[in-house]
Amino acid sequence: MSAAPSPALAETPLSVLAGVGPALREKLAARGLLTLQDLWLHLPRSYEDRTALTPIRALQPGVAAQVEGRVEAVERGFRYRPQLKVALTDESRATLVLRFFHFRAAQAAQFAVGARVRAYGTPRPGALGLEMVHPGYTLLGAGEHALGEALDPVYPAIEGIGPASLRKLVLQALRHLPPEAALELLPEDWLRALGLPSLHTAILTLHTPPKDADLAALQAGRHPAQRRLALEELLAHQLGLRRQRLALQAEGARALRGDERLVRQLRAALPFTLTGAQERVYAQLRADLRQPRPMLRLVQGDVGSGKTVVAALAALLAVADGRQAALMAPTELLAEQHLANLRTWLQPLGVEVCWLAGKVTGKARAQALQAVASGAAQVVVGTHALMQEGVEFHDLALAIIDEQHRFGVHQRLALRDKGRRGVPHQLVMTATPIPRTLAMSAYADLDVSAIDELPPGRTPVTTIALSAERRPELVERIRAACAEGRQAYWVCTLIDDSDEVQAQAAQSTFEALQTVLPGVRVGLVHGRMKAAEKQATMRAFKDGALGLLVATTVIEVGVDVPNASLMVIENAERLGLAQLHQLRGRVGRGSVASTCVLLYQPPLSALARQRLDTLRQTNDGFVIAEKDLELRGPGELLGTRQTGLASFRMADLVRDADLLPQVHALADRLLGEAPDVAERIIARWVGGAARYAAA
Ligand code: ADP
Ligand code: MG
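The rules behind these values
- Every chain is numbered on its own, with residues counted from 1 as its sequence reads.
- Chains and ligands are labelled by the order in which they are written, letters from A for the one and numbers from 1 for the other.
- Whole-chain, interface and lining totals are the exception, using all residues; otherwise, since this is a predicted model, local features are given only for residues with pLDDT of at least 70 and side-chain atom pairs are given and counted only at 80 or more.
- Side-chain metrics rest on all non-hydrogen atoms present in the structure, leaving aside hydrogens and water.
- UniProt positions are given in the numbering used here, feature names are shortened, and annotations may be inferred rather than shown by experiment.
- Strands here mean DSSP runs of E at least two residues long; helices mean DSSP runs of H or I at least four residues long; both are numbered from the N terminus.
- Values of the radius of gyration come from C-alpha atoms, whereas the globule rule sets the reference at 2.2 Å times the count of residues to the power 0.38.
- For every residue, the accessible area (1.4 Å probe, protein chains only) is compared with the maximum for its type, and the residue is labelled buried under 20%, exposed over 50%, or partly exposed between those bounds.
- Orientation is described by lines fitted to C-alpha atoms, with helices fitted over the stretch in contact, and by angles between N-to-C directions that extend from 0 to 180 degrees.
- Throughout, the term roughly parallel applies to angles under 35 degrees, roughly antiparallel to angles over 145, roughly perpendicular to angles from 65 to 115, and oblique to all others.
- The handedness criterion is simple: a crossing whose near helix is rotated anticlockwise from the far helix by less than a right angle is left-handed, and one whose near helix is rotated clockwise is right-handed.
- Whether two residues are in contact is decided by their heavy atoms, any of which lying within 4.5 Å being enough.
- Three classes are used: nonpolar for Ala, Val, Leu, Ile, Met, Phe, Trp, Tyr, Cys and Pro, charged for Asp, Glu, Lys and Arg, and polar for all others, with Gly counted as polar.
- The cutoff for a nearby residue is simple: one of its non-hydrogen atoms must lie within 4 Å of the molecule or strand.
- Within 3.5 Å is the distance limit for a polar contact, defined as a pair of N or O atoms, with the added protein rule that one can donate a hydrogen and the other accept it, and that residues adjacent in sequence qualify only through two side-chain atoms.
- All accessible-area figures derive from a Shrake-Rupley calculation using a 1.4 Å probe, and residue coverage is judged against the displayed protein chains alone.
- Strand pairing is assigned whenever DSSP identifies at least 2 bridges connecting the two strands.
- We call a set of buried Ala, Val, Leu, Ile, Met, Phe, Trp, Tyr and Cys residues a nonpolar core when their side-chain atoms join them within 4.5 Å.
- For this document, the term salt bridge refers to a Lys or Arg side-chain nitrogen within 4 Å of an Asp or Glu carboxyl oxygen.
- Every crossover in which the path from the first strand over the helix to the second runs clockwise, viewed with the strands pointing away from the viewer, is termed right-handed.
- In predicted models, pLDDT denotes the confidence assigned by the predictor to each residue on a 0 to 100 scale.
- Any helix carries an expected span of 1.5 Å times its number of residues minus one.
- What the arc covers is the set of directions going from the helix axis to the C-beta atoms.

Per an unreviewed UniProt entry, the protein chain goes by ATP-dependent DNA helicase RecG and derives from Thermomonas haemolytica. Turning to the protein chain, the UniProt annotation filed under Sequence similarities (unreviewed entry) states: "Belongs to the helicase family. RecG subfamily."

**Student:** Describe the overall build of the protein chain, with residues and values.
**Tutor:** Scanning the protein chain from N- to C-terminus turns up 26 helices and 22 strands. Taking 695 residues into account, the globule formula puts the C-alpha radius of gyration at 26 Å, and the protein chain, at 30 Å, falls close to it. In terms of its C-alpha atoms, the protein chain occupies a principal-axis envelope of roughly 90 × 70 × 45 Å. Classification of the 695 residues of the protein chain by burial places 55% in the buried group.

**Student:** So, the environment of Glu 403: which residues are in play, and what are the values?
**Tutor:** Take Glu 403: it is sitting in the loop between β14 (396-401) and α16 (409-416). Sequence separation between Glu 403 and Lys 627 is 224 residues; the distance between their C-alpha atoms is 20 Å.

**Student:** Now, about unusual backbone geometry: what can you tell me, with residues and values included?
**Tutor:** Of note, the bond from Pro 602 into Pro 603 is cis; its omega dihedral lies within 30 degrees of zero at 0°. For Pro 603, the position within the fold is in the loop between β22 (595-600) and α22 (606-617). The phi torsion at Arg 93 lies on the positive side, around 60°, for a residue other than glycine. Following the sequence through the fold, Arg 93 ends up in the loop between β3 (83-89) and β4 (95-100). Arg 93 gets classed as exposed once you look at its relative accessible area, which sits at 72%.

**Student:** An account of the packing of helix α14 (residues 332-346) against helix α20 (residues 531-542) is needed here, citing residue identities and associated values.
**Tutor:** Direction vectors running N to C along α14 and α20 enclose 60°, while the axes themselves pass 11 Å from each other. As the angle between them shows, α14 and α20 are arranged oblique. Helix-helix and strand crossings are classified by hand; for α14 and α20 the assignment is right-handed. Judged by residue contacts, Glu 332, Leu 333, Glu 336 and Gln 337 of α14 engage Ala 531, Lys 534, Gln 535, Met 538 and Lys 542 from α20. Considering only residue class, the contact of α14 with α20 consists of three nonpolar, two polar and four charged.

**Student:** Tell me what's going on with the site of ligand 1, and back it up with residues and numbers.
**Tutor:** Surrounding ligand 1, one finds 16 residues, the nearest of these being Gly 304, Lys 307, Thr 308, Arg 458 and Asp 560. Within the backbone of Thr 273, one N or O atom sits 2.8 Å away from a nitrogen atom of ligand 1. Here Gly 306 contributes a backbone N or O atom positioned 3.0 Å from an oxygen atom of ligand 1. When isolated, ligand 1 has an accessible area of 560 Å², and the protein chains bury 86% of it. Grouping the amino acids of the shell around ligand 1 by side-chain chemistry returns four nonpolar, seven polar and five charged.

**Student:** Before we move on, can you summarise the sheet that holds strand β17 (residues 462-467) with the specific residues and values?
**Tutor:** What holds strands together in a sheet is hydrogen bonding between their backbones, with the strands either parallel or antiparallel. Taken in spatial order, the six strands line up as β17-β22-β21-β18-β20-β19 in an open sheet, and their pairing is parallel. Two strands in the sheet have a free side with no partner beyond their single neighbour: β17 and β19 (522-525). Mean inter-strand twist for the sheet, computed between neighbouring axes without regard to direction, equals 20°. Helix-sheet contacts for α20 involve β18 (487-491), β19, β20 (548-551) and β21 (564-569), and the interaxial angle to β19 is about 140°. With respect to the sheet, α22 is in contact with β17 and β22, its orientation differing from that of β17 by roughly 150°.

**Student:** Which residues make up the sheet that holds β14, and what values do they have?
**Tutor:** Taking strand neighbours across the sheet as the criterion, the seven strands line up as β12-β13-β11-β14-β15-β10-β16 in an open arrangement whose pairing is parallel. Whereas interior strands pair on both sides, the edge strands pair on one side only; in this sheet they are β12 (353-356) and β16 (447-451). Each strand of the sheet is rotated relative to its neighbour by a mean of 20°, with strand direction disregarded. Pairing of β12 with strand β13 (residues 379-382), which is carried by four bridges, proceeds in the parallel orientation. Of the residues in β13, the one forming a bridge with Cys 354 is Val 380.

**Student:** Lay out the nonpolar core in plain terms, naming residues and giving numbers.
**Tutor:** In terms of nonpolar packing, the biggest core is built from 61 residues, with Trp 40, Ile 203, Leu 229, Leu 235, Leu 670 and Ile 681 touching the most fellow members. For this core, the secondary structure elements donating two or more residues are α3 (36-40), α5 (163-174), α7 (188-194), α8 (199-207), α10 (224-251), α25 (660-673) and α26 (675-685). Residue contributions to this core peak at eight residues, all from α10.

**Student:** Could you give an account of the pattern of salt bridges, naming the residues involved and the relevant values?
**Tutor:** One pass over the structure, following the stated rule, counts 29 salt bridges. With a shortest N-O distance of 2.9 Å, Glu 68 and Arg 116 are connected by a salt bridge. Of this pair, Glu 68 sits in strand β2 (residues 65-77) while Arg 116 sits in strand β5 (residues 116-121); the two residues are 48 residues apart in sequence, bridging distant segments of the chain. Of the two residues examined, Glu 68 and Arg 116, each falls in the buried class. One salt bridge connects Glu 484 with Arg 486, and the closest N-O pair in it is separated by 3.5 Å. One connected set of salt bridges, linked through shared partners, spans Glu 184, Arg 228, Glu 232 and Arg 684.

**Student:** So, the pairing of β21: which residues are in play, and what are the values?
**Tutor:** The buried fraction of β21 amounts to six of the six residues, a majority that puts the element mostly inside the structure. Examined bridge by bridge, β18 and β21 share five bridges and lie parallel to one another. Residue pairing across strands places Val 491 opposite Ile 569, the latter belonging to β21. Where β21 and β22 come together, four bridges link them in parallel fashion. Paired with Met 567 across the strands is Cys 596, a residue of β22. The handedness of the β21 to β22 crossover, carried by helix α21 (residues 577-584), is right-handed.

**Student:** Requested: an account of α21, with residues and values cited.
**Tutor:** With seven of eight residues buried, α21 lies mostly within the body of the structure. Those residues of α21 lying buried are Leu 577, Ala 578, Leu 580, His 581, Gln 582, Leu 583 and Arg 584.

**Student:** I'd love a proper account of the confidence of the model for the protein chain, names of residues and values included.
**Tutor:** Averaged over every residue, the pLDDT of the protein chain is 86; residues scoring 70 or more account for 90%. Scored below 50 in pLDDT, residues 688-695 makes 16 contacts in the model with residues more than four places away or belonging to other chains.

**Student:** Which residues make up helix α15 (residues 362-374), and what are the values?
**Tutor:** Along its 13 residues, α15 runs 18 Å from first to last C-alpha, staying within 8% of the 18 Å computed at 1.5 Å per residue. Every buried residue belonging to α15 is among Arg 365, Ala 368, Leu 369, Ala 371 and Val 372, and all of these are buried. One face of α15 carries all of its buried residues, which in axial projection span an arc of 160°. In this structure, α15 carries Lys 363, Gln 367 and Gln 370 as exposed residues pointing more than 90 degrees from its buried face. Gly 375 occupies a position one or two residues after α15 and carries a positive phi of about 90°.

Spelled out as structure tokens, the structure:
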């Protein structure tokens, strides 16, 4: 391990740089750039090679290049929107069109016929040969103009700061970069064995790559300098999560006695017996809860695997000890369903189940808060509202979080902090299966178990992809299904995330389907409806009073109607695999054969086709998760925009997955041998980010 570098320099505020006044500082701070070190680690997202010129004739579509030529013709058009086309020719006697849609008059005037222009961009096939849309360019005067000496880094844009100014700032910050020995935190033997450069070399290489650097590797993020940084960043996150886990466990928690009287009563009352997988996971939970340290367990189980009842059993262990359990779900609809299930299961046993959501207001809210605070509410079910200020538990023993991928780590922590009399045990549930290597990194602070078996009697869902032109056939199919007493979902999806736009689309689909299906009772749920209205519609659908339910993706998680055996998902090509799989999980919950129809707008992109094919081929959430990972990367897979997992500066869990075993081994070594170094690595990469604060 190297000598301790001075942390002071790294933490020096950016105001030491020339030209950084309050206004600029604010813009940088808005992107989280506060210290010199933040700029050292503000890494380019790509590189441009302006060290050479490519003859226009040798340009290849899709391959970025720099060209130089003379303006042969200029055309300004206004037919549909303003545009400027500049034809360039060079000595290879070929022509390239530069095309601009946004330009100022002065800019257009620069391009006189005969002017010399150097342009950098990615050529694409156009109407008259290759063209570059909005290339970077310079007008050259007479004489020699030197080419670039090094590759040009392209930084992630920062609002209000031009690329050239940002570049200058980074170069200025690099002049303060401490010498190699003062910067390095990783063991040298380890780096040597992996063939990776020092941090010092890596940072300089990435900001100022030499002319002969391997551009292809850099663009792919596989350059040794990038892998060096990825290794340390992954290590920092791993250490942060592990430290958080250790800190929590050190605090201890009150063990539950594991009194199963209530559990036995519930088992006897259930209309089914638990699957082997449910039994196994329940036994793990019970063993965890009997320990005098907080349980930190993630239960993965595919949609419909029966996680809720297992959570209910665990909650009963808390209740049996005279303490409280809380169950938090990401959407109101899902929370309401949990409430209904838990009331059905637990109230006959004399257990008080209380409801707390954002829409519980006024007197009802005051009453709920009072029940939670006095302990009269033994099990509390709700949404994010559970974590709000003013919610005081009497004695929270177990915090259960459903559909974890919808919550950020910090939200998980907030519920944990509700344990006034010590840290509560935590049970986190997710229907988004995560490949093992990834789970070890994403959830290094949790133990993971899987309910990897579905309750018996389920028939696998048949999935078909259908072009939207064939909608009329589908309407027939729904009519037939409903005539047989079966039920169907019609899911409307839009790229637009706003509830409002989604609600409108669902509303018009609802009206259209009502018109073409006069014999079918059609219902509608969307995010803009009142909770009571939504609930009434859901109940009507559950009770079979409605044949067809038109819905937005609010029904995505957890909704359970066993008699529904047909699902249509509109615009399926726009959704990710995980989300489609979740939606599809709403059918195939009963014993009738179910069908999921993925309705798409042709033409399908290659990626969209692969996604739809994957869904047609398998119902296995783990297989889908692997494929999802391969097709789009972990950020979206985990739905972790908020957890920070997707916001790695350098690392990419998929691309750098081969580093993970090293990361885990290195984390073990550092936590054992050099916890102070571990601290500094965390501080360097994760900084003060509250999500890892060891509370
Ligand atoms: P998920 O894991 O997706 O949250 P749920 O907990 O909603 O699944 O369970 C899906 C359905 O399966 C519910 O209707 C539940 O009552 C039922 N169920 C759970 N366990 C079993 C079992 N062992 N046998 C039969 N049905 C079960
Ligand atoms: Mg569920």
